[in-house]
Every structure is written in structure tokens, then in C-alpha cells.
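# Summary of the model geometry
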Amino acid sequence: KLKTSCYLQRIGMLDEAANVSCAFCQNEVETGNHILLFCPFVWLLWSQILKWWGVQWVMPNSVEGLLQWWSFCKMKKLEKVMWKVVPMAVLWSIWKHRNDCIFNGAQPNLEDLCEVVKVRIALWVKSSPAKVEFSINDVVFNLHQVHYCLRLGSWV
């Protein structure tokens, strides 16, 4: 359970008069599915991430549906190593950015968030037991080429 504003209000941790709007769009009540999938700001992030991978999608109806869809994608072994990290890095980065907006007064920034996601993916993959031969800079600055090489299963 995400401790969204809506959830905290429902269990009595936030007053009935508290603002429970999405920290990014301010147009909808902040639920787990909204803040992680359906918010227009977040949808742009997911679209950008999937564009890097050359994937077109129809947004699932829940975070659980997203994770199920993600786990069943067929890919080569090296490509799958990075692919499996992507949804967790995106979800974690969204939540951290949301908290930064709520608790530190930050403004939603799609460009910065995209860069944070790429860095997180690179760091998490590099710290995994998998022996993927690319640098963190490769992922952050040349993700299209990294993905192309992963798809081929070799490094050029």
C-alpha cells in the first residue's frame, strides 16, 4: 500500500479538509494508480521510457497490470537484464519525485525525472550480479545504442 494522500485521509491521518490532489497535475485525487500511471505528467514519463526501447503500448489499468505485462515481454537474455530493472526504477523515481514536490516544494520536472530514471537504471543494472559490459555514461547518454546492442546480444 502506497501512503498516498487519499489513503492517508481515508485512514484518518490527514484531516478531511487536507488537499489530496496529485502532486504533479493537481487535477485528480492522488491514488496509487493515478500517481504511478494515469497522471498526465507520469504518462509522459512512461511514454518517453518506452520510446527509448522502441515499444508502443496501451496503458494497463493498474500498477499490478503494468508489472504483469512487463514480466511477460520476450527479449534476449542481456536485454532482459536491463528491461526487468526499468519499471522498478521508474516507479521508485516517480515516488521520490512526488515526495520531493510535497515535502521540499520542488516543481514537477519531466526532463530531470527522465535523467534520474536513466541514471537509476544504469546504477541498478551495474550493481546487479549480471555481467553487462557498458558504462553508466553509456546508459545515460547513449541509451538507444545500448538498447540496440542488447537487442543484438553483442557489443560493437
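All values reported here derive from a predicted model rather than from experimental measurement. (Residues numbered from 1 in each chain as written. Predicted model: local features only at pLDDT ≥ 70, side-chain atom pairs only at ≥ 80, totals over all residues. Heavy atoms only, no water.)

Now for the overall build of the chain. In terms of helices and strands, the chain carries eight helices and zero strands. Reading the secondary structure of the chain in the N-to-C direction produces α-α-α-α-α-α-α-α. Across its three principal directions, the C-alpha atoms of the chain cover 60 × 30 × 25 Å. By the burial criterion, 41% of the 156 residues in the chain qualify as buried. (Helix = DSSP H or I, 4+ residues; strand = E, 2+ residues; numbered from the N terminus. Buried < 20%, exposed > 50% of the residue type's maximum accessible area, 1.4 Å probe, protein only.)

The next thing to look at is the layout of surface pockets. In this structure, the largest pocket occupies an estimated 180 Å³ of space. Lining the largest pocket we find 13 residues, and of these Ser-5, Leu-14, Asn-19, Arg-98 and Ile-102 sit closest to its centre. Among the elements of the structure, helix H1 (5-10) and helix H5 (77-104) are those that each provide at least two residues to the lining of the largest pocket. For the lining of the largest pocket, the residue count by class is seven nonpolar, four polar and two charged. (1 Å grid on protein atoms, 1.4 Å probe; cavity = no way out; pocket = protein on both sides within 12 Å on 5 of 7 lines; lining within 4 Å. Points joined across faces, edges and corners; volume = space filled by probe spheres on them. Nonpolar A, V, L, I, M, F, W, Y, C, P; charged D, E, K, R; others polar.)

Take the packing of H5 against helix H8 (residues 143-152) next. Relative orientation of the contacting elements H5 and H8 amounts to 135 degrees, with a least axis distance of 7 Å. Judged by the angle between their axes, H5 and H8 are oblique. Two secondary-structure elements touch here, H5 through Leu-78, Glu-79 and Met-82 and H8 through Leu-143, Val-146, His-147, Leu-150 and Arg-151. Of the residues that constitute the contact of H5 with H8, the class distribution is five nonpolar, one polar and two charged. (Axes fitted to C-alpha atoms, helices over the stretch in contact; angles between N-to-C directions. Parallel < 35°, antiparallel > 145°, perpendicular 65-115°, else oblique. Contact = heavy atoms within 4.5 Å.)

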